[in-house]
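Inside the fold
In case you want the letters, here they are:
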Amino acid sequence: MRLVLLCGCLLFLQSCAGQSQLIDSELETITTENLQYYLYYPSEYEENPNDEFGILLFLHGGGESGGELEEVKKNGPPKLLVDGKEFPFLVLAPQNPHKRKWWNIHAVNQLLDSIIESNRVDSKRIYLSGLSRGGSAAWDLAVQYPKKWAALAVVCGMAPVPYAHWIHKELPIWVFHGDVDKVIAVEESDNMVAKLKEMGYDVTYTRYQDVGHNSWERAYTTEELYEWMAKQKQD
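Note that the coordinates shown come from a computational prediction; the quantities given were computed from them, not determined experimentally.

Time to look at the overall build of the chain. Helix and strand content of the chain: eight helices and seven strands. Here the chain has a C-alpha radius of gyration of 24 Å; the compact-globule value for 235 residues is 18 Å, and the former is much larger. Here the C-alpha coordinates of the chain stretch approximately 95 × 40 × 40 Å along the principal axes. Look at the contacts in the chain between residues 6 or more apart in sequence, and 73% of them connect residues 24 or more apart. Counting only carbon and sulfur atoms, one obtains 50% of the accessible surface of the chain, whose full area is about 13,300 Å². Charged side chains in the chain number 22 positive and 33 negative. The centres of these two groups are separated by 5 Å.

This is the structure we're talking about:
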């Protein structure tokens, strides 16, 4: 009898212990991010004080993360600006403050909204582009904020193929990748482009032959890219 009671008590205690490990609760979390950035204004911005302008959000790669802000000028549109190129739209180029973390895309989106609110920006002409780790973040921004963008240009980024259908169907997209990229395989872009085209998206794909991970050197010096981008406007 004592043995039966003992076994029963043990089973009851085990049952209570199991239940006590599962509780209901909640916690409101707050995450902050300190984003330094460059902001370029075209010469026409001051010359035409009543006009609104488009804006390009550019996200750099991992090599420019977590260092001095000056490093953002190494590649892409910021490098072209240093070399004297002019754009017909504003260019916002933030820096990822973390060497070994992904972009905080929600913080980036908040920064972009702040810049749009405090400047004469046409909300129907918001362009998005990024290279490598920044290209991956550009894909993610297009997925998470699908109705925000007038054009998307991604250079050698990892692609969220399973969520391709979350991207706005009317978004014009241009993808660049080198076919011998050993850092982010070209199949990332191959598969994403194939999926988007299968679903009827407007996608242009420039697949460079015998080019490695630095495909951004050719992509961002393609003048047609900026002409194409400047023509895009949401309905």
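Next comes the rest of the account.
What the seven strands build is an open sheet, ordered β1-β3-β2-β4-β5-β6-β7; its pairing is mixed. On the outer flanks of this sheet lie β1 (37-40) and β7 (203-208), each paired with one strand and no other. For this sheet, the mean inter-axis angle between neighbouring strands, taken without regard to orientation, is 15°. Each of β2 (53-59), β4 (121-131), β5 (151-155) and β6 (173-178) touches helix α5 (residues 133-144); the most contacted strand, β4, lies at about 140° to it. Each of β6 and β7 is contacted by helix α6 (residues 187-198), which is oriented at about 155° to β7, the strand it contacts most.

Let us now look at the nonpolar core. Soluble, globular proteins show a tendency: their nonpolar side chains are buried together. L57, W139, L152, I167 and I173 are the most contacted members of the largest nonpolar core, which has 39 residues in total. Secondary-structure elements contributing two or more residues to this core are β2, β3 (90-94), α4 (105-117), β4, α5, β5, β6 and α6. Element by element, the count of residues in this core is highest for α4, at seven residues. Sequence-distant contacts of I173, that is, excluding residues within four places in its chain, are made with W139, L152, I167, L196, Y201, D202, V203, T204 and W228. Within the second largest apolar cluster, 28 residues are counted, among which are F89, Y127, A151 and A219.

With that settled, consider the packing of aromatic side chains. Applying the stated rule across the entire model yields 11 aromatic pairs. Summarising the aromatic geometry, the rings of Y45 and F53 are spaced 5.5 Å apart at their centres and angled 45° between planes, so their arrangement reads as tilted. Take Y45 and F53: they sit in the same class, and that class is buried. Taking the centre distance of 5.4 Å and the plane angle of 65° together, the rings of F89 and Y127 count as edge-to-face. Pair noted here: F89 is in the loop between α3 (76-82) and β3 and Y127 is in strand β4, with a separation of 38 residues, a long-range link. Owing to a relative accessible area of 2%, F89 belongs among the buried residues under this scheme. Each member of the aromatic cluster is reached from another via a ring pair, and the members are Y40, F87, F89, Y127 and Y226. Directly above the aromatic system of F87 lies the positively charged group of K85, at a separation of 5.2 Å from the ring centroid. We note R120 situated over the ring of Y45; from NZ or CZ to the ring centre the distance is 4.0 Å.

Taken as a whole, the largest pocket spans an internal volume of roughly 210 Å³. Lining the largest pocket we find P146, K147, W149, A150, H168, E170, L171, P172, Q232, K233, Q234 and D235. The computed volume of the second largest pocket comes to approximately 170 Å³. In this structure, the second largest pocket is lined by T31, T32, E33, L35, N104, H106, A107, Q110 and L111.

A few words on the pattern of salt bridges. For the coordinates displayed, the defined rule picks out eight salt bridges. A salt bridge links E70 to K73, with the shortest nitrogen-to-oxygen separation between them at 3.2 Å. Relative accessible area serves as the criterion here: at 27%, K73 is assigned to the partly exposed category. In this structure, a network of salt bridges that share partners links the residues D122, R125 and K233.

What follows concerns the side chain of S129. Looking at where S129 falls in the secondary structure, it is placed in strand β4. By relative accessible area, which is 1% here, S129 ends up buried. Not counting chain neighbours up to four residues away, the residues in contact with S129 comprise L56, L57, F58, L59, A138, A153 and Y220.

About the criteria used
- Residues numbered from 1 in each chain as written.
- Predicted model: local features only at pLDDT ≥ 70, side-chain atom pairs only at ≥ 80, totals over all residues.
- Heavy atoms only, no water.
- Helix = DSSP H or I, 4+ residues; strand = E, 2+ residues; numbered from the N terminus.
- Rg over C-alpha atoms; globule rule 2.2 N^0.38 Å.
- Contact = heavy atoms within 4.5 Å.
- Areas by Shrake-Rupley, 256 points an atom, 1.4 Å probe, with all protein chains shown as cover.
- Lys, Arg positive; Asp, Glu negative; His and termini not counted.
- Charge placed at Lys NZ, Arg CZ, Asp CG, Glu CD.
- Pairing = 2+ DSSP bridges.
- Axes fitted to C-alpha atoms, helices over the stretch in contact; angles between N-to-C directions.
- Core = buried A, V, L, I, M, F, W, Y, C linked by side-chain atoms within 4.5 Å.
- Buried < 20%, exposed > 50% of the residue type's maximum accessible area, 1.4 Å probe, protein only.
- Phe/Tyr/Trp six-rings, centres within 6.5 Å; stacked < 30°, edge-to-face > 60°.
- Lys NZ or Arg CZ within 6 Å of the ring centre and 35° of its normal.
- 1 Å grid on protein atoms, 1.4 Å probe; cavity = no way out; pocket = protein on both sides within 12 Å on 5 of 7 lines; lining within 4 Å.
- Points joined across faces, edges and corners; volume = space filled by probe spheres on them.
- Salt bridge = Lys/Arg side-chain N within 4 Å of Asp/Glu carboxyl O.

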